Number of protein chains: 2
Amino acid sequence: MKKKVAPLTDLPQEFSFIHRHFAGLAGPAALGLKDDAAVFTPPAGKELVIAADAMVENVHFLPDDPPETIGRKLLRCNLSDLAAMGATPEGWLLTLARPPGLDDNWFEAFCGGLKADQEYFGLSLLGGDTTSTRGPLVLSLTILGSVMQGQAIRRSGARAGDGLWVTGTIGDGALGLRALQGTLSDPSGYLANRYRLPQPRIGLSLYGLASAAMDVSDGLLQDAGHLARENGLTLTITASMVPRSKAALACGPEWLETCLTGGDDYEILFAVPPAHEEMLEHAGILETPHGAVPVSRIGRFEEGNAGVTVIDGQGERLSFAKGGWSHL
Amino acid sequence: MKKKVAPLTDLPQEFSFIHRHFAGLAGPAALGLKDDAAVFTPPAGKELVIAADAMVENVHFLPDDPPETIGRKLLRCNLSDLAAMGATPEGWLLTLARPPGLDDNWFEAFCGGLKADQEYFGLSLLGGDTTSTRGPLVLSLTILGSVMQGQAIRRSGARAGDGLWVTGTIGDGALGLRALQGTLSDPSGYLANRYRLPQPRIGLSLYGLASAAMDVSDGLLQDAGHLARENGLTLTITASMVPRSKAALACGPEWLETCLTGGDDYEILFAVPPAHEEMLEHAGILETPHGAVPVSRIGRFEEGNAGVTVIDGQGERLSFAKGGWSHL
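Residues numbered from 1 in each chain as written. Chains lettered and ligands numbered in written order. Predicted model: local features only at pLDDT ≥ 70, side-chain atom pairs only at ≥ 80, totals over all residues. Heavy atoms only, no water.

A word on the overall build of chain A
Here is step 1: The number of helices and strands found in chain A is 9 helices and 15 strands.
Here is step 2: For chain A, whose C-alpha radius of gyration is 21 Å, the value lies close to the compact-globule estimate of 20 Å for 328 residues.
Here is step 3: A principal-axis box enclosing the C-alpha atoms of chain A has dimensions of 75 × 50 × 35 Å.
Here is step 4: A separation threshold of at least 6 residues defines the contact pool for chain A, and within that pool the share at least 24 residues apart is 84%.
Here is step 5: Looking at chain A as shown, the accessible area adds up to about 11,900 Å², and 51% of this sits on carbon and sulfur atoms. (Helix = DSSP H or I, 4+ residues; strand = E, 2+ residues; numbered from the N terminus. Rg over C-alpha atoms; globule rule 2.2 N^0.38 Å. Contact = heavy atoms within 4.5 Å. Areas by Shrake-Rupley, 256 points an atom, 1.4 Å probe, with all protein chains shown as cover.)

Concerning the UniProt feature "binding site: Mg(2+) 1" (unreviewed entry) in chain A
Here is step 1: Per the UniProt record, the feature "binding site: Mg(2+) 1" (unreviewed entry) sits at D53(A) and D129(A).
Here is step 2: Assignment of secondary structure puts D53(A) in strand β3 (residues 46–56).
Here is step 3: Among the residues examined, D53(A) registers a relative accessible area of 19% and is labelled buried.
Here is step 4: Dropping the residues within four chain positions of it, D53(A) is found in contact with L74(A), C77(A), N78(A), D81(A), L139(A), S140(A), L141(A), T95(B) and D129(B).
Here is step 5: Topologically, D129(A) is positioned in strand β5 (residues 124–132).
Here is step 6: Exposure remark for D129(A): the relative accessible area of 11% places this residue in the buried category.
Here is step 7: Apart from the residues within four sequence positions on either side, D129(A) is in contact with E14(A), L94(A), T95(A), L96(A), A52(B), D53(B) and A54(B). (UniProt positions renumbered as here; feature names shortened; annotations may be inferred. Buried < 20%, exposed > 50% of the residue type's maximum accessible area, 1.4 Å probe, protein only.)

Quick notes on the domain arrangement of chain A
Residues and elements named next belong to chain A.
Here is step 1: Segmenting chain A into domains produces domain 1 (15–31 + 45–148) and domain 2 (163–318).
Here is step 2: Taking only C-alpha atoms into account, the centre of domain 1 sits 26 Å from that of domain 2.
Here is step 3: With 21 residues of domain 1 in contact, the opposing surface of domain 2 contributes 18 residues.
Here is step 4: Carbon and sulfur atoms make up 61% of the surface buried where domain 1 meets domain 2, a total of about 1,700 Å² over both sides.
Here is step 5: On inspection of domain 1 and its partner domain 2, the count reaches 2 salt bridges.
Here is step 6: For K73, the salt bridge identified is with D264, shortest N-O distance 2.9 Å.
Here is step 7: Between the two partners, domain 1 and domain 2, sit 7 residue pairs in polar contact (both at pLDDT 80 or more).
Here is step 8: Element by element, the count of residues in the side of domain 1 that touches domain 2 is highest for helix α2 (residues 67–85), at 11 residues. (Domains from an automatic or database assignment. Buried area = accessible area lost by both parts, 1.4 Å probe. Salt bridge = Lys/Arg side-chain N within 4 Å of Asp/Glu carboxyl O. Polar contact = N/O pair within 3.5 Å; in protein donor to acceptor, adjacent residues only side chain to side chain.)

What to know about the pairing of strand β4 (residues 88–98) of chain A
Residue and element names in this part refer to chain A.
Here is step 1: In terms of burial, β4 is largely enclosed, as 9 of its 11 residues are buried.
Here is step 2: Of the strand pairs in this sheet, β4 and strand β6 (residues 138–148) are connected by 9 bridges, and their pairing is antiparallel. Counted as the bridge partner of A97 is V138 from β6.
Here is step 3: By the bridge criterion, 8 bridges tie β4 to β5 in an arrangement that is parallel. Pairing of L94 across the sheet is with G128, part of β5.
Here is step 4: What joins β4 to β5 is helix α3 (residues 104–121), and the crossover it makes is right-handed. (Pairing = 2+ DSSP bridges. Right-handed = clockwise from strand over helix to strand, strands pointing away.)

Focus on the relation of the copies chain B and chain A
The pair of chain copies shares a relation made of a rotation about an axis and a shift along it.
Here is step 1: Turning chain B through 180° and shifting it by 0.0 Å along the axis lays it on chain A, with an RMSD of 0.0 Å. Both chain copies can therefore be described as sitting about a two-fold axis. No C-alpha of chain B approaches the rotation axis more nearly than that of G135(B), which lies at 2.1 Å.
Here is step 2: Interface residue correspondence from chain B to chain A reaches 98%, placing this contact among same-surface, isologous pairings. (Least-squares fit on C-alpha atoms with pLDDT ≥ 70 in both.)

Examining the packing of aromatic side chains
Here is step 1: By the definition in use, this model includes 12 aromatic pairs over all chains.
Here is step 2: With 5.2 Å between their ring centres and 20° between their planes, W106(B) and F110(B) make a pair best called stacked. With W106(B) and F110(B) both in helix α3 (residues 104–121) and 4 residues apart, the pair spans about one turn of that helix.
Here is step 3: Classification of W106(B) as buried rests on a relative accessible area of 12%.
Here is step 4: By relative accessible area, which is 1% here, F110(B) ends up buried.
Here is step 5: Site record: aromatic cluster; members linked through ring pairs are F17(A), F22(A), W106(A), F107(A) and F110(A).
Here is step 6: Looking at K73(A), its charged tip hangs above the ring of Y195(A), at a distance of 3.7 Å from the centre. (Phe/Tyr/Trp six-rings, centres within 6.5 Å; stacked < 30°, edge-to-face > 60°. Lys NZ or Arg CZ within 6 Å of the ring centre and 35° of its normal.)

Some details on the interface of chain B and chain A
Here is step 1: Chain B puts 91 residues into the contact, and the matching count from chain A is 89 residues.
Here is step 2: When chain B packs against chain A, the two sides together hide about 7,800 Å² of surface, and 59% of this comes from carbon and sulfur.
Here is step 3: Counting across the interface, chain B meets chain A through 4 salt bridges.
Here is step 4: Among the ionic pairs, R154(B) bridges to D35(A), the shortest N-O distance being 3.1 Å.
Here is step 5: Remark: the boundary between chain B and chain A carries 24 residue pairs in polar contact (both at pLDDT 80 or more).
Here is step 6: When residues in the side of chain B that touches chain A are grouped by element, the largest group, 10 residues, is from strand β3 (residues 46–56) of chain B.
Here is step 7: Its residues placed into classes, the side of chain B that touches chain A shows 44 nonpolar, 25 polar and 22 charged.
Here is step 8: The pairing of β3(A) with strand β2 (residues 38–40) of chain B spans 3 bridges and is classified as antiparallel. Bridge pairing in β2(B) places I50(A) opposite A38(B). (Nonpolar A, V, L, I, M, F, W, Y, C, P; charged D, E, K, R; others polar.)

Concerning the packing of α2(A) against α3(A)
Residues and elements named next belong to chain A.
Here is step 1: Close contact between α2 and α3 brings their axes to 6 Å; oriented N to C, the two are set at 35°. α2 and α3 meet at a crossing whose hand is right-handed. For the pair α2 and α3, contact is made by P67, E68, I70, G71, R72, L75, R76 and L79 and by W106, A109, F110, G113, L114, D117, Q118 and F121, respectively.
Here is step 2: Considering only residue class, the contact of α2 with α3 consists of 9 nonpolar, 3 polar and 4 charged. (Axes fitted to C-alpha atoms, helices over the stretch in contact; angles between N-to-C directions. Left-handed = near helix turned anticlockwise from the far one by under 90°.)

Describing the state of the cysteines
All names here are of chain A.
Here is step 1: Considering all chains together, one arrives at 0 disulfides over all chains under this definition.
Here is step 2: Between C77, a cysteine without a disulfide, and C111, which holds the nearest cysteine sulfur, the sulfur-to-sulfur distance is 17 Å.
Here is step 3: C77 gets classed as buried once you look at its relative accessible area, which sits at 5%. (Disulfide = S-S within 2.5 Å.)

The structure is reproduced here in structure tokens:
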């Protein structure tokens with residue numbers, strides 16, 4: 001614990017740090033980051049959707065990841081939670097425990113990345129806190145979004161017979177981590193980029209289409225297991241139907257398990273009643289304000305309570321040693 | 001980074017940890033802590049007040065502090081931010097980066113303290129995240145409160161001539177820290193308890209009374225400096241008028257500077273226009289749902305932009321080497 005010797009009229013180090021780096025991110029509700037709290041007027045007739053996620057150096061990102069992607073990744077992970085609920089981003093708060101080694105240049109790049117992303121996704125900083133630590137960098141981000149009353153998509157709501165669908169491609173993030181760790185070749189850098197900068201599926205119009213949804217962050221099979229359990233149903237997934245990028249397929253068939261069980265996808269997994277499936281199958285995409293997102297059916301919900309079964313194209317059951325990420 | 005080997009139908013360790021310790025704290029908006037985000041319906045006609053604070057082991061609390069007070073302290077620090085704005089608590093989110101040494105018993109006590117406090121202050125857990133770290137325990141808490149439209153009390157709004165008032169007593173927390181560090185005697189344990197369990201002044205009816213307010217967390221003089229600067233005014237504080245507890249006074253006059261510049265007070269510092277001061281002077285308290293809170297005038301706002309001046313009872317200027325806490 002340190003005290004700073006400073007004349008009473010000076011701005012202490014903590015406040016000048018916040019002003020220097022974060023004031024440019026603050027929206028009107030943040031009151032210039034100078035008050036004890038932000039005052040946020042919720043959009044009329046809407047419910048708020050709120051989530052918080054933390055990231056720790058060496059657990060969720062690598063110490064030599066570019067600082068401009070570290071903040072963006074955390075923001076995008078939280079945006080992915082909003083996307084899964086069908087919510088529109090409104091604002092975010094950030095706390096950071098800062099180790100001695102990170103200098104002003106690092107934070108300038110870190111905040112620059114966040115600024116680009118908050119403009120792109122249409123939200124602004126509401127508040128936060130900075131503190132020192134002798135341990136690794138710890139970032140914690142709380143995100144606020146809004147959704148029309150009663151239109152939030154939940155994890156529960158799927159019925160037997162509903163199809164299981166997923167956005168984008170699965171496995172790129174997990175393979176990108178292996179590439180950055182040097183155990184996998186990634187000539188184009190596509191996989192590493194997918195690990196560092198996931199694409200949250202903000203603006204998917206799931207209301208009226210999906211009966212349940214969640215984001216895939218801890219590995220497809222583990223997260224599908226949550227969906228199965230929350231709905232008291234069995235899920236059968238056909239491995240060959242799980243969409244993989246060209247770069248992921250180029251890694252070879254021995255990486256299938258990593259794709260299905262690795263984390264860091266930040267795609268949306270959702271249940272679709274049969275009545276809506278033909279249209280979706282035909283379109284193959286869902287439109288969002290940020291462009292069209294490919295969608296693929298990968299399985300189906302069935303009666304029972306047997307978790308997730310993975311089969312190959314011939315209907316043979318596949319088994320895997322690893323279930324997915326746990327951050328503990 | 002570790003992967004857990006687990007059958008696909010098992011709950012991973014992270015989820016059972018959350019269920020075991022945190023499910024009992026979750027309110028209806030938290031959706032059982034099972035969805036990607038909470039869905040919170042803002043009270044009609046009210047604005048939301050939102051703040052986030054982080055606490056790091058060895059910076060904001062001591063490793064041998066009782067676990068039941070550590071969580072409560074963080075919650076209370078955030079509640080103090082709501083109190084300063086005149087807001088009513090609604091809910092909170094918690095992220096924690098958990099070092100290997102903390103076991104289930106530790107978290108049971110930690111959550112037990114939080115449960116008692118959330119019931120007392122009338123709010124419930126909305127969501128959060130847990131992760132592992134090899135560094136110190138890092139806790140980050142986001143709090144949501146509500147206030148009638150336009151009735152949030154800001155740091156700005158004071159005018160020259162307004163009195164500077166403060167709730168409770170100043171310096172107990174800073175002295176309590178010294179007592180726990182063994183550099184000060186605290187025979188009754190009163191000061192240590194004030195350090196570990198600050199009393200947030202929730203329910204102070206400041207609207208219509210105070211022209212500006214903030215909570216005192218980084219030391220009275222530093223925080224008074226913020227109020228002076230935010231209002232473009234000079235503040236003169238009379239040291240002898242700053243209320244100190246019996247236990248603080250018993251430490252002796254040499255601890256005055258620690259009381260005025262040490263942190264961890266979590267009292268409310270507020271500006272009162274002269275027209276309201278006589279009534280307040282006469283009452284000496286403000287009522288809250290949690291009991292009467294003593295209030296004391298300690299200074300006055302004046303024209304100018306000279307920060308904070310501290311004088312003794314004879315009007316002589318006092319000077320201090322240290323301005324207050326910075327957490328960086």
